[in-house]
Amino acid sequence: MNAITNGATIEIVATGEQYHTLKNWGLAIGNNDYIGDVEQETYYVDVPGADGFLDFSEAIAGRRIFKSRPINIELGGKKPRNDWDIFISDLRNLIEGREIKLIFDNDPGFYWTGRATVQSFDRNRELGTFTLSIPKADPYKYNVADSTEDWLWDPFDFETGIIDEGTEITLAGPTSTQSYTIVPDLMPFVPTIQVSQMGAAGITMTAGGETYTLIQGKNRFADIVVDQEDVTLTFKGQGTLTIRYRRGSL
């Protein structure tokens, strides 16, 4: 898809309202380099009298850490010359400083997120241009569907995509046991365990040799990170729960 016809869907996170740059606003994306380079957290130590540096960039988390990346979309279109100032004002009222999700037409299986701003508006007669910017977007783009939602046929990549199924687990009796294995992907993530029903015996979860006691509602344990290896969660007790996570990519 070329830059003339490429558009994007913008969702206001707070309200769920969605707008398409081309279909709703008549604006085309005029640049191809709208996704900026990712900023990685690095930590180097200079040792006097030694060549090079000591690299401790992955010493704390044990993996690469990415902070943010800029997204700058150059948008342009044709409107009656007297309409442009009102349109830009309305657009700023709508998205300025708000958290938004961006889904590009040429990458419909993922969304980007961050706080938006409208910059560099200019008009020459009926032709207007401006930049929709997210100065500090999340470094990763995220799958539009999480592990609990039906995967979408059209945007799914059959070469690299992973279909997550069976994330709802029912433990019938006080001593019932079930396991679920999460396969790693391109982005590290922490799964959330949502317990909707819990019997009198309660529910425990074992992962990586550690045992965790679950509560009714949302459970999230920061030390359970799905990164390089499969993570198997084993549940024991009585109740119903759902394993929720969202995959992503740089």
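Going by the structure above, here's the rest.
Participant: Which parts of the structure should I look at to understand the overall build of the protein chain?
Facilitator: A tally of regular secondary structure across the protein chain gives one helix and 18 strands. A compact globule built from 250 residues would reach a C-alpha radius of gyration of about 18 Å, whereas the protein chain, at 23 Å, exceeds it by more than 25%. C-alpha atoms of the protein chain, sized along the principal axes, occupy 75 × 60 × 35 Å. Intrachain contacts of the protein chain at a sequence separation of at least 6 include 70% that bridge at least 24 residues. A total accessible area of about 14,400 Å² is found for the protein chain, and carbon and sulfur atoms account for 47% of it. Put simply, the protein chain has 22 plus and 36 minus side-chain charges, and the middle of one group is 7 Å from the middle of the other.

Participant: How should I be thinking about the sheet that holds strand 9 (residues 110-115) in this particular structure?
Facilitator: Strands in a sheet are paired, the pairing made by backbone hydrogen bonds, and the direction either parallel or antiparallel. The antiparallel open sheet is built from six strands, whose spatial order is 2-1-8-9-12-18. At either margin of the open sheet sits one strand with a lone partner, and together these are strand 2 (18-20) and strand 18 (248-249). The sheet contact formed by strand 8 (residues 99-104) and strand 9 spans four bridges and is antiparallel. Counterpart to Lys101 in the pairing with strand 9 is Thr113.

Participant: It is not clear to me how the pattern of salt bridges should be interpreted in this structure. Could you clarify?
Facilitator: Note that side chains of opposite charge can pair when their charged atoms are close. The full count for this structure, using the stated rule, is five salt bridges. For Lys141, the salt bridge is made with Asp107, and the minimal N-O distance between the two is 2.8 Å. Of this pair, Lys141 sits in strand 12 (residues 141-143) while Asp107 sits in the loop between strand 8 and strand 9, and the two are 34 residues apart along the sequence. Lys141 gets classed as buried once you look at its relative accessible area, which sits at 15%. One salt bridge in this structure joins Arg244 and Asp146, with 2.7 Å as the shortest N-O distance. With Arg244 in strand 17 (residues 231-244) and Asp146 in the loop between strand 12 and strand 13 (168-182), this pair connects stretches of sequence that are 98 residues apart. Within this structure, Asp146, Arg244 and Arg246 form a network of salt bridges that share partners.

Participant: Just checking my understanding: could you explain the environment of Ser57 for this structure?
Facilitator: The topology assignment puts Ser57 in the loop between strand 6 (53-55) and strand 7 (66-78). In this structure Ser57 comes out as buried when scored by relative accessible area, which is 12%. Considered as a pair, Ser57 and Pro184 are 127 residues apart in the sequence and their alpha carbons are 22 Å apart. Sequence-distant contacts of Ser57, that is, excluding residues within four places in its chain, are made with Glu41, Thr42, Tyr43, Tyr44 and Arg63. At 3.0 Å, the side chain of Ser57 forms a polar contact with the backbone nitrogen of Tyr43. Side-chain polar atoms of Ser57 contact the side chain of Asp55, separated by 2.6 Å.

Participant: Is there a simple way to think about the nonpolar core in this case?
Facilitator: Nonpolar side chains tend toward joint burial in soluble globular proteins. Counting 27 residues, the largest nonpolar core has Trp25, Ile73, Phe87, Ile95, Leu102, Phe104 and Phe130 as its most contacted members. For this core, the secondary-structure elements that each account for two or more residues are strand 1 (8-12), strand 7, helix 1 (84-95), strand 8 and strand 11 (127-137). Ile193, Leu214, Val231 and Leu241 belong to the second largest nonpolar core, which has 26 residues in total.

Participant: Help me understand empty space enclosed by the protein in this model?
Facilitator: Over the atoms rolls a probe the size of a water molecule, and in doing so it shows where empty space is left. Using the criterion set out here, one finds one cavity of 30 Å³ or more in the structure. Taken as a whole, the largest cavity holds about 30 Å³ of empty space. Lining the largest cavity, in full, are Pro191, Ile193, Met205, Asn219, Arg220, Phe221, Ile224 and Leu233. The set of elements that each furnish at least two residues to the lining of the largest cavity consists of strand 14 (192-207) and strand 16 (217-220).

Reading guide: rules and limits
- Residues numbered from 1 in each chain as written.
- Predicted model: local features only at pLDDT ≥ 70, side-chain atom pairs only at ≥ 80, totals over all residues.
- Heavy atoms only, no water.
- Helix = DSSP H or I, 4+ residues; strand = E, 2+ residues; numbered from the N terminus.
- Rg over C-alpha atoms; globule rule 2.2 N^0.38 Å.
- Contact = heavy atoms within 4.5 Å.
- Areas by Shrake-Rupley, 256 points an atom, 1.4 Å probe, with all protein chains shown as cover.
- Lys, Arg positive; Asp, Glu negative; His and termini not counted.
- Charge placed at Lys NZ, Arg CZ, Asp CG, Glu CD.
- Pairing = 2+ DSSP bridges.
- Salt bridge = Lys/Arg side-chain N within 4 Å of Asp/Glu carboxyl O.
- Buried < 20%, exposed > 50% of the residue type's maximum accessible area, 1.4 Å probe, protein only.
- Polar contact = N/O pair within 3.5 Å; in protein donor to acceptor, adjacent residues only side chain to side chain.
- Core = buried A, V, L, I, M, F, W, Y, C linked by side-chain atoms within 4.5 Å.
- 1 Å grid on protein atoms, 1.4 Å probe; cavity = no way out; pocket = protein on both sides within 12 Å on 5 of 7 lines; lining within 4 Å.
- Points joined across faces, edges and corners; volume = space filled by probe spheres on them.

No statement about biological role is implied by the geometric values presented.
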